[in-house]
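Examining the three-dimensional arrangement
These are the residues of each chain, in order.
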Amino acid sequence: NGSNGSSSGDYIEVTINGKTYRHDVRGLYASVPTDRDGIYLYASTEDVFDSDGFNVFYSLNCYEDFDRLLQSPTGNYDVVTVTESVDEADNLSLWLDYEDADDYYEIERGSHRVVSIKATKVKNSYGEFDAVQIEGTFDLTMTAEYYTSDSQCKIKGKYRMSIY
(Lines give C-alpha, C1' and ligand atoms only; values in the text may rest on other atoms or scores of the structure.)
Protein backbone atom coordinates (compact mmCIF):
# COMPACT_ATOMS: atom_id res chain seq x y z
CA ASN A 1 0.00 0.00 0.00
CA GLY A 2 1.53 3.30 -1.08
CA SER A 3 0.51 6.79 -0.20
CA ASN A 4 3.01 9.28 -1.64
CA GLY A 5 2.03 11.53 -4.52
CA SER A 6 -1.05 9.59 -5.60
CA SER A 7 -3.01 10.81 -8.62
CA SER A 8 -6.34 9.29 -7.65
CA GLY A 9 -8.54 12.39 -7.77
CA ASP A 10 -9.43 11.87 -4.11
CA TYR A 11 -10.84 14.82 -2.16
CA ILE A 12 -12.77 15.90 0.89
CA GLU A 13 -15.24 18.80 0.84
CA VAL A 14 -16.76 20.34 3.97
CA THR A 15 -19.35 23.07 4.50
CA ILE A 16 -18.98 24.89 7.83
CA ASN A 17 -21.04 27.97 8.73
CA GLY A 18 -22.34 28.18 5.16
CA LYS A 19 -18.89 28.26 3.53
CA THR A 20 -17.61 25.32 1.46
CA TYR A 21 -13.97 24.20 1.38
CA ARG A 22 -12.51 21.47 -0.83
CA HIS A 23 -9.07 19.88 -0.78
CA ASP A 24 -7.39 17.09 -2.68
CA VAL A 25 -6.27 14.36 -0.30
CA ARG A 26 -4.20 11.23 -0.19
CA GLY A 27 -4.80 8.58 2.42
CA LEU A 28 -2.30 7.76 5.12
CA TYR A 29 -3.04 4.33 6.47
CA ALA A 30 -2.99 3.24 10.08
CA SER A 31 -4.36 0.01 11.47
CA VAL A 32 -7.40 -0.56 13.61
CA PRO A 33 -7.09 -4.00 15.24
CA THR A 34 -10.47 -5.49 14.23
CA ASP A 35 -14.11 -4.59 13.80
CA ARG A 36 -16.78 -6.02 16.09
CA ASP A 37 -16.77 -9.25 14.07
CA GLY A 38 -12.99 -9.68 14.39
CA ILE A 39 -12.21 -8.66 10.80
CA TYR A 40 -9.10 -6.52 10.26
CA LEU A 41 -9.72 -2.94 9.06
CA TYR A 42 -7.74 -0.06 7.62
CA ALA A 43 -8.24 3.39 9.05
CA SER A 44 -7.46 5.91 6.31
CA THR A 45 -6.56 9.20 7.91
CA GLU A 46 -5.67 12.70 6.79
CA ASP A 47 -5.31 16.18 8.28
CA VAL A 48 -6.50 18.91 5.91
CA PHE A 49 -7.56 22.57 5.69
CA ASP A 50 -4.68 24.07 7.73
CA SER A 51 -4.36 26.81 5.11
CA ASP A 52 -8.02 27.75 5.67
CA GLY A 53 -7.52 28.47 9.38
CA PHE A 54 -8.95 25.24 10.76
CA ASN A 55 -8.22 21.54 10.66
CA VAL A 56 -10.24 18.43 9.90
CA PHE A 57 -8.96 14.99 10.84
CA TYR A 58 -10.97 12.11 9.45
CA SER A 59 -10.83 8.37 9.25
CA LEU A 60 -12.80 6.03 7.00
CA ASN A 61 -12.50 2.50 8.30
CA CYS A 62 -12.83 -0.32 5.79
CA TYR A 63 -12.13 -4.00 5.32
CA GLU A 64 -8.53 -4.85 4.48
CA ASP A 65 -9.72 -7.57 2.08
CA PHE A 66 -10.58 -5.73 -1.15
CA ASP A 67 -12.91 -8.48 -2.38
CA ARG A 68 -14.91 -8.22 0.84
CA LEU A 69 -14.84 -4.41 0.69
CA LEU A 70 -16.13 -4.39 -2.90
CA GLN A 71 -19.08 -6.57 -1.79
CA SER A 72 -20.14 -3.92 0.76
CA PRO A 73 -23.43 -2.33 -0.27
CA THR A 74 -23.84 1.40 -0.73
CA GLY A 75 -26.07 3.06 1.83
CA ASN A 76 -26.01 4.36 5.38
CA TYR A 77 -23.06 3.58 7.64
CA ASP A 78 -22.06 4.54 11.17
CA VAL A 79 -20.36 7.65 12.42
CA VAL A 80 -18.01 7.20 15.38
CA THR A 81 -19.32 9.56 18.05
CA VAL A 82 -17.53 11.23 20.95
CA THR A 83 -18.71 8.43 23.27
CA GLU A 84 -17.20 5.67 21.10
CA SER A 85 -13.67 4.62 20.26
CA VAL A 86 -12.34 4.35 16.71
CA ASP A 87 -11.14 0.90 17.81
CA GLU A 88 -14.83 -0.11 17.99
CA ALA A 89 -15.43 0.96 14.40
CA ASP A 90 -17.25 -1.14 11.83
CA ASN A 91 -16.66 -1.38 8.10
CA LEU A 92 -17.17 1.99 6.34
CA SER A 93 -17.70 3.92 9.56
CA LEU A 94 -16.62 7.58 9.52
CA TRP A 95 -14.75 9.36 12.27
CA LEU A 96 -14.15 13.11 11.95
CA ASP A 97 -12.77 15.76 14.30
CA TYR A 98 -12.74 19.51 13.63
CA GLU A 99 -10.52 22.14 15.22
CA ASP A 100 -10.68 25.90 14.83
CA ALA A 101 -9.04 28.77 16.75
CA ASP A 102 -11.66 28.50 19.51
CA ASP A 103 -12.10 24.80 20.21
CA TYR A 104 -11.79 21.15 19.27
CA TYR A 105 -14.99 19.39 18.15
CA GLU A 106 -16.01 15.73 17.96
CA ILE A 107 -19.10 14.10 16.47
CA GLU A 108 -22.13 14.12 18.75
CA ARG A 109 -24.47 12.66 16.13
CA GLY A 110 -24.83 12.53 12.39
CA SER A 111 -25.33 10.56 9.23
CA HIS A 112 -22.87 9.02 6.79
CA ARG A 113 -23.89 7.61 3.41
CA VAL A 114 -21.61 5.70 1.04
CA VAL A 115 -22.80 6.38 -2.51
CA SER A 116 -20.19 4.48 -4.55
CA ILE A 117 -17.72 1.61 -4.04
CA LYS A 118 -15.71 0.46 -7.05
CA ALA A 119 -12.45 -1.14 -8.12
CA THR A 120 -9.89 1.20 -9.64
CA LYS A 121 -6.14 1.74 -10.06
CA VAL A 122 -4.02 4.35 -8.31
CA LYS A 123 -0.68 5.60 -9.59
CA ASN A 124 1.92 7.21 -7.37
CA SER A 125 5.68 7.58 -7.21
CA TYR A 126 6.02 3.88 -6.30
CA GLY A 127 3.99 2.51 -9.20
CA GLU A 128 0.42 1.51 -9.98
CA PHE A 129 -1.76 -0.26 -7.41
CA ASP A 130 -5.12 -1.99 -7.32
CA ALA A 131 -7.48 0.12 -5.22
CA VAL A 132 -11.04 0.48 -4.04
CA GLN A 133 -12.51 3.94 -4.52
CA ILE A 134 -15.18 4.96 -2.02
CA GLU A 135 -17.38 8.05 -2.31
CA GLY A 136 -19.73 9.30 0.35
CA THR A 137 -21.54 12.16 2.06
CA PHE A 138 -21.95 13.16 5.70
CA ASP A 139 -24.02 15.53 7.84
CA LEU A 140 -22.67 15.94 11.37
CA THR A 141 -23.41 17.81 14.57
CA MET A 142 -20.15 18.47 16.37
CA THR A 143 -19.69 19.24 20.09
CA ALA A 144 -16.84 21.32 21.50
CA GLU A 145 -14.61 19.36 23.85
CA TYR A 146 -12.38 21.82 25.71
CA TYR A 147 -12.78 25.56 25.81
CA THR A 148 -16.48 26.20 25.28
CA SER A 149 -18.03 22.85 26.11
CA ASP A 150 -21.59 24.00 25.39
CA SER A 151 -20.70 25.02 21.82
CA GLN A 152 -21.83 23.06 18.77
CA CYS A 153 -21.34 23.36 15.02
CA LYS A 154 -22.69 21.54 11.99
CA ILE A 155 -20.49 20.15 9.23
CA LYS A 156 -21.76 18.73 5.95
CA GLY A 157 -19.54 17.27 3.31
CA LYS A 158 -18.56 14.68 0.79
CA TYR A 159 -15.45 12.74 -0.11
CA ARG A 160 -13.77 10.40 -2.58
CA MET A 161 -11.07 8.16 -1.17
CA SER A 162 -9.06 5.40 -2.81
CA ILE A 163 -7.84 2.67 -0.50
CA TYR A 164 -4.75 0.88 -1.83
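In the block above lies the structure referred to throughout.
Below is a summary of the structure that appears in this document. (Residues numbered from 1 in each chain as written. Predicted model: local features only at pLDDT ≥ 70, side-chain atom pairs only at ≥ 80, totals over all residues. Heavy atoms only, no water.)

1. Considering the pattern of salt bridges
Quick reminder of the rule: For salt bridges, the criterion is a side-chain nitrogen of Lys or Arg within 4 Å of an Asp or Glu carboxyl oxygen. Burial classes follow relative accessibility: with a 1.4 Å probe on protein chains only, a residue under 20% of its type's maximum area counts as buried, one over 50% as exposed, and anything between as partly exposed. Put simply, DSSP marks the helices as runs of H or I at least four residues long and the strands as runs of E at least two long, and each gets a number from the N terminus on.
With the rule as written, the count across this model stands at 4 salt bridges. Residues D130 and K121 are paired through a salt bridge, measuring 2.4 Å at the closest nitrogen-oxygen approach. A residue is classified by how much of its surface remains accessible, and K121, at 49% relative accessible area, is partly exposed. Between E135 and R160 there is a salt bridge whose closest N-O contact spans 3.8 Å. With E135 in strand β9 (residues 127-144) and R160 in strand β10 (residues 152-163), this residue pair connects regions lying 25 residues apart in the sequence. Residue E135 is classed as buried on the basis of its relative accessible area, which comes to 18%.

2. Considerations on unusual backbone geometry
Phi is positive for N17, close to 55 degrees, though the residue is something other than glycine. Its place among the elements puts N17 in the loop between β1 (11-16) and β2 (19-24).

3. Overview of the packing of aromatic side chains
The criterion, for reference: A pair of aromatic rings is counted whenever rings of Phe, Tyr or Trp (Trp by its six-membered ring) have centres within 6.5 Å, and the orientation is called stacked for planes under 30 degrees apart, edge-to-face for over 60 and tilted otherwise.
The tally for this structure, following the rule as stated, stands at 7 aromatic pairs. When the centroid spacing of 5.2 Å and the interplanar angle of 20 degrees are considered together, the rings of F49 and F54 count as stacked. Judged by its relative accessible area of 2%, F49 falls in the buried class. F54 sits in the buried class, given a relative accessible area of 7%.

4. Points about the environment of V48
Operational definition: What makes two residues a contact is simply this: any of their non-hydrogen atoms within 4.5 Å.
As for its position among the elements, V48 is in strand β4 (residues 41-48). Measuring from C-alpha to C-alpha, the distance between V48 and Y58 comes to 8.9 Å, with 10 residues separating the pair along the chain. Other than its neighbours up to four places away in sequence, V48 contacts I12, V25, F54, N55, V56 and Y58.

5. Section: the environment of I107
Mapped onto the fold, I107 is located in strand β8 (residues 104-124). For the pair I107 and D97, spaced 10 residues apart in sequence, the C-alpha to C-alpha distance is 6.9 Å.

6. Description of the pairing of β2
For the record, the criterion: Strand pairing requires that DSSP identify at least two bridges connecting the strands.
Of the strand pairs in this sheet, β1 and β2 are connected by 6 bridges, and their pairing is antiparallel. Note on β2: the bridge partner recorded for V14 is Y21.

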